[in-house]
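# Overview (structure and organization)
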Amino acid sequence: VGETLCDIIENMTGIRPDMDSTLEEVGLASVGLPQIIGILNNSISSERSQLNLTSSSLISVKSIHDLVNIVEEAKLQTNVNRKPDAEEVNNGRDPEVGLLLSCAE
């Protein structure tokens, strides 16, 4: 997530951030934040799991590292809440860890 986020920021601002960079240092203080939220939601989401970052979820972000932590946490929540596809259901396996969901195998 960190490398992806740094690439997105560099593409948006022309500044290659490091993990300790503040949002202000990379030109994302307030105006760029909604833009990066949209980009992250679109680039990290999939058909079965939608990332749903909002401005309010990023209110405490001070640095790129903070942003990475929040995105990773949101990504974990997205994976926990995602719906298994038909093949995963038919196989009776948990898609995240490959464990059987029942004892019938």
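Whatever comes next refers back to the structure up there.
In short, a report on the structure. Here the structure is a predicted model, which is why all the values come from computation and not from measurement.

Cut-offs used in this document
Residues numbered from 1 in each chain as written. Predicted model: local features only at pLDDT ≥ 70, side-chain atom pairs only at ≥ 80, totals over all residues. Heavy atoms only, no water. Helix = DSSP H or I, 4+ residues; strand = E, 2+ residues; numbered from the N terminus. Buried < 20%, exposed > 50% of the residue type's maximum accessible area, 1.4 Å probe, protein only. Contact = heavy atoms within 4.5 Å. Areas by Shrake-Rupley, 256 points an atom, 1.4 Å probe, with all protein chains shown as cover. Expected span 1.5 Å × (residues − 1). Arc of directions from axis to C-beta. Polar contact = N/O pair within 3.5 Å; in protein donor to acceptor, adjacent residues only side chain to side chain. Core = buried A, V, L, I, M, F, W, Y, C linked by side-chain atoms within 4.5 Å.

Bringing the overall build of the chain into the picture now. From N to C terminus, the chain includes 4 helices and 0 strands. Starting at the N terminus, the α and β elements of the chain follow one another as α-α-α-α. Taking all 105 residues of the chain together, 30% fall into the buried category. Within the chain, counting contacts between residues at least 6 apart in sequence, those at least 24 apart form 46% of the total. Of the roughly 6,700 Å² of accessible surface on the chain, 50% is carried by carbon and sulfur atoms.

Turning our attention to the environment of Ser-49. As for its position among the elements, Ser-49 is in the loop between α2 (33–44) and α3 (64–81). Put simply, Ser-49 and Gln-77 are 28 residues apart on the chain and 9.5 Å apart in space, counted from C-alpha to C-alpha.

With 12 residues, helix α1 (residues 2–13) ought to run about 16 Å at 1.5 Å a step, and its terminal C-alpha atoms sit 16 Å apart, in line with that. Taken together, the buried positions of α1 are occupied by Gly-2, Leu-5, Cys-6, Ile-8 and Ile-9. The buried residues of α1 all sit within an arc of 160° when viewed along its axis, so they share a single face. Residues of α1 that are exposed and point more than 90 degrees away from the buried face comprise Glu-3 and Asn-11.

Positionally, Ser-21 belongs in the loop between α1 and α2. When near neighbours in sequence (up to four residues on either side) are disregarded, Ser-21 contacts Val-26, Lys-62, Ser-63 and Ile-64.

In this section: the side chain of Ser-45. Here Ser-45 is to be found in the loop between α2 and α3. Overall, the relative accessible area of 17% leaves Ser-45 in the buried class. Side-chain polar atoms of Ser-45 contact the backbone oxygen of Asn-41, separated by 2.5 Å. Here Leu-51 takes part through its backbone nitrogen, which lies 2.7 Å from a polar atom of the side chain of Ser-45. Residues within four places of Ser-45 in sequence aside, it is in contact with Leu-40, Gln-50 and Leu-51.

Turning our eyes to something else, we now look at the nonpolar core. Counting 20 residues, the largest nonpolar core has Leu-5, Ile-36, Leu-53, Ile-64 and Leu-67 as the members making the most contacts within it. The set of elements that each furnish at least two residues to this core consists of α1, α2 and α3. If one sorts the elements of this core by residue count, α3 sits on top with 5 residues. Those residues in contact with Leu-5 that sit more than four places away from it in its chain are Ile-36, Leu-40, Ile-64, Leu-67 and Val-68.

Keep in mind that these numbers describe shape and distance, not what the molecule does.
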